[in-house]
Amino acid sequence: MEGKGSPRQHVQSVVVGARLLEALARRNDAMSLSAIAKVAGMAPEKAHRYLAGFIETGLITQNETTGLYDLGPLSLDLGLAAIRRLDVVELAYPRMVALREETGETTSLSVWGNFGATLVRWVPSNAPVNITVNVGSVLPMLTSSNGRAFAAYLPSEITDPMIEKTLAEDAQDLAAAGIETRQDVDRILESVRETGIAAAVGLVVPAIASLSCPIFDRTNSVVAVITVVGITGMISTEKDSPVSMQLRQTAARISEMLGAKVG
């Protein structure tokens, strides 16, 4: 029989106390003792003992005026450390595979590099004819769905110089895509922001169509773009198509895992 203060009892205390931290983490504001105890499913007297210990460690703070409890500086440090350890590429991969299985289409992930939207992960479809793009490829900003998704959500101080440079240097290719002025670009990017999804049909490669959605982090900054790629005419690029909805849901799920507030 294990005595008082045994290792097993300490472990159980940690598990019980974690319920109080979880109760606060799920709320966006401070809570009273009775409210925390109710959510955690324990008596207020018991909850108070745990909270007092957490206050000493800095995991929880208590407002001297209101008496309400909230997450403390140590909780913030732990949360930020956990977020810093999140690798969006590794985090997204299993969701990319699942999206490939749901849609039957190739999926990809790109991040913003020194030269623009850069492909970092590629999950080919199981179709007899596969679409292949080399990892490390930089995709055009205004004619790829990946580039458009980044351009719509990155800060203007990053995108504006590149947009102006592209308009000046690639006028012929852009004209073929129906882009001749900055107003044309703004119209496309505003549509991306309204629908939450970017599309490109036969613009980079004539036979290829794609849909892209941004992935956000806890600061609601775009950190990656997830894309579904298919054969033109065989994949629906309508904003309310099943593929579009599945893509949005996947992007939202990854964003939530990175701490973004979705919805």
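See the structure shown above.
Residues numbered from 1 in each chain as written. Predicted model: local features only at pLDDT ≥ 70, side-chain atom pairs only at ≥ 80, totals over all residues. Heavy atoms only, no water.

**Considerations on the overall build of the protein**
Cut-off, in case you're wondering: The numbering of helices and of strands both runs from the N terminus, where a helix is a DSSP run of H or I of at least 4 residues and a strand a run of E of at least 2. We take the radius of gyration over the C-alpha atoms and set the globule estimate at 2.2 Å times the residue count to the 0.38 power. Buried residues are those whose accessible area, probed at 1.4 Å on protein chains only, stays under 20% of the maximum for their type, while exposed residues exceed 50% and partly exposed ones sit between those limits. In what follows, a contact means two residues having at least one pair of non-hydrogen atoms within 4.5 Å. Where accessible areas are quoted, they stem from the Shrake-Rupley method and a 1.4 Å probe; at the residue level, only the protein chains shown are allowed to cover. For this count, His and the chain ends are skipped, Lys and Arg are scored as positive, and Asp and Glu as negative. To locate a charge, take atom NZ for lysine, CZ for arginine, CG for aspartate or CD for glutamate.
Scanning the protein from terminus to terminus reveals 10 helices and 8 strands. Here the C-alpha radius of gyration of the protein, 24 Å, is well above what a compact globule of 263 residues would show, namely 18 Å. Projected onto its principal axes, the C-alpha coordinates of the protein cover approximately 75 × 45 × 30 Å. Buried positions account for 38% of the 263 residues belonging to the protein. Here the contacts in the protein between residues at least 6 apart in sequence split such that 52% fall between residues at least 24 apart. Total accessible area on the protein is roughly 14600 Å²; 54% of this is exposed by carbon and sulfur atoms. Here the protein holds 23 positive side-chain charges and 28 negative ones, and the gap between their average locations is 10 Å.

**Observations regarding the pattern of salt bridges**
Rules: A carboxyl oxygen of Asp or Glu within 4 Å of a side-chain nitrogen of Lys or Arg is what we treat as a salt bridge.
Across all of its chains, the model carries 9 salt bridges by this definition. With its nearest N and O atoms 2.9 Å apart, the salt bridge here joins Asp160 to Arg182. Here Asp160 is found in helix 7 (residues 156–169), whereas its partner Arg182 is found in helix 9 (residues 182–195), with 22 residues between them in sequence. The exposure class of Arg182 is partly exposed, given its relative accessible area of 22%.

**A closer look at the side chain of Ser75**
How we decide: We define a polar contact as two N or O atoms separated by no more than 3.5 Å, with the added condition that, inside protein, one atom must be a possible hydrogen donor and the other a possible acceptor, whereas residues neighbouring each other in sequence contribute only through side-chain atom pairs.
Its place among the elements puts Ser75 in helix 4 (residues 73–84). Judged by its relative accessible area of 15%, Ser75 is buried. Here Leu59 takes part through its backbone oxygen, which lies 2.6 Å from a polar atom of the side chain of Ser75. If near-sequence neighbours (up to four positions away) are discounted, Ser75 is found in contact with Gly58 and Leu59.

**Description of the sheet that holds strand 8 (residues 222–231)**
Formally: At least two DSSP bridges between two strands are needed for those strands to be called paired. To obtain each axis, a line is fitted to C-alpha atoms, and for helices this fit is confined to the stretch in contact; angles are then taken between N-to-C directions over 0 to 180 degrees.
Read across the open sheet, the 6 strands follow the order 5-4-3-8-7-6; overall the sheet is antiparallel. Where the open sheet ends on each side, the last strands, each with one partner, are strand 5 (138–139) and strand 6 (198–201). Where strand 4 (residues 116–123) and strand 5 come together, 2 bridges link them in antiparallel fashion. Directly across from Ala117, in strand 5, lies its bridge partner Leu139. On top of the sheet, helix 5 (residues 88–103) reaches strand 3 (106–113), strand 4, strand 7 (208–216) and strand 8; it is set at about 60° to strand 4, its chief contact.

Just geometry here; none of it tells us what the structure is for.
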